[in-house]
Amino acid sequence: MPMRVLENLAQVFSCLSHPNRIRIVQALASGEKDVTELHSSLDLSQSYVSQQLSVLKSSGLVKVRREGHHAYYSLRHEKLSVLVDQGLDLVEQDIVRARELEQVIESVRSH
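Residues numbered from 1 in each chain as written. Predicted model: local features only at pLDDT ≥ 70, side-chain atom pairs only at ≥ 80, totals over all residues. Heavy atoms only, no water.

Caption draft 1: Inspection of the overall build of the protein chain at higher detail. Within the protein chain, the regular secondary structure consists of 5 helices and 3 strands. Along the protein chain, helices (α) and strands (β) appear in the sequence α-α-β-α-α-β-β-α when read from the amino end. For a compact globule of 111 residues, the expected C-alpha radius of gyration is about 13 Å, and the protein chain comes in at 18 Å, more than 25% above that figure. Over its C-alpha atoms, taken along the principal directions, the protein chain stretches across nearly 70 × 40 × 20 Å. Scored against the burial criterion, the 111 residues of the protein chain give a buried share of 27%. Counting contacts in the protein chain only where the partners sit at least 6 residues apart, residues at least 24 apart contribute 52% of the total. A total accessible area of about 8000 Å² is found for the protein chain, and carbon and sulfur atoms account for 53% of it. Counting 13 positive and 14 negative side-chain charges, the protein chain places the averaged centre of each group 8 Å from the other. (Helix = DSSP H or I, 4+ residues; strand = E, 2+ residues; numbered from the N terminus. Rg over C-alpha atoms; globule rule 2.2 N^0.38 Å. Buried < 20%, exposed > 50% of the residue type's maximum accessible area, 1.4 Å probe, protein only. Contact = heavy atoms within 4.5 Å. Areas by Shrake-Rupley, 256 points an atom, 1.4 Å probe, with all protein chains shown as cover. Lys, Arg positive; Asp, Glu negative; His and termini not counted. Charge placed at Lys NZ, Arg CZ, Asp CG, Glu CD.)

Caption draft 2: The arrangement of helix α2 (residues 19-28) in detail. Listed in full, the buried residues belonging to α2 are Asn 20, Arg 21, Ile 24, Val 25, Ala 27 and Leu 28. Considered in projection along α2, the buried side chains sweep an arc of 160 degrees and stay on one side of the axis. (Arc of directions from axis to C-beta.)

Caption draft 3: A look at the nonpolar core. If you look at the biggest cluster of nonpolar residues, it comprises 21 residues, and the most contacted ones within it are Leu 28, Leu 38 and Leu 53. When residues of this core are traced back to their parent elements, those giving at least two are α1 (3-15), α2, α3 (35-42), α4 (46-58), β3 (70-75) and α5 (79-109). In terms of residues, this core owes the most to one element, α2, which gives 4 residues. Not counting residues up to four positions away in its chain, the partners in contact with Leu 53 are Ile 24, Leu 28, Val 35, Leu 38, Val 62 and Tyr 73. (Core = buried A, V, L, I, M, F, W, Y, C linked by side-chain atoms within 4.5 Å.)

Below you can see the structure in the form of structure tokens.
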């Protein structure tokens, strides 16, 4: 695989390395939103949401549509939300395994 493709993929993962950016991606999975909607639904300040949207936009993960003085943000690729969901599935599996291991350890210690 060409190095440029791998570098682009690494950039996607790097951009998604912040929990609040993942939350924004999840919020945008249901459709375009403006900063005010994201600020309200995610309980983050408007300036902070704008800053994170700027990072997502500069990484090419989010696009903006302007209508008058309003800017509406959406995902450039709907598969991005699928990628986040798959990542959450991986994390969930690890959590389930950890809980199972804790139960085994508890069982061994109690005997």
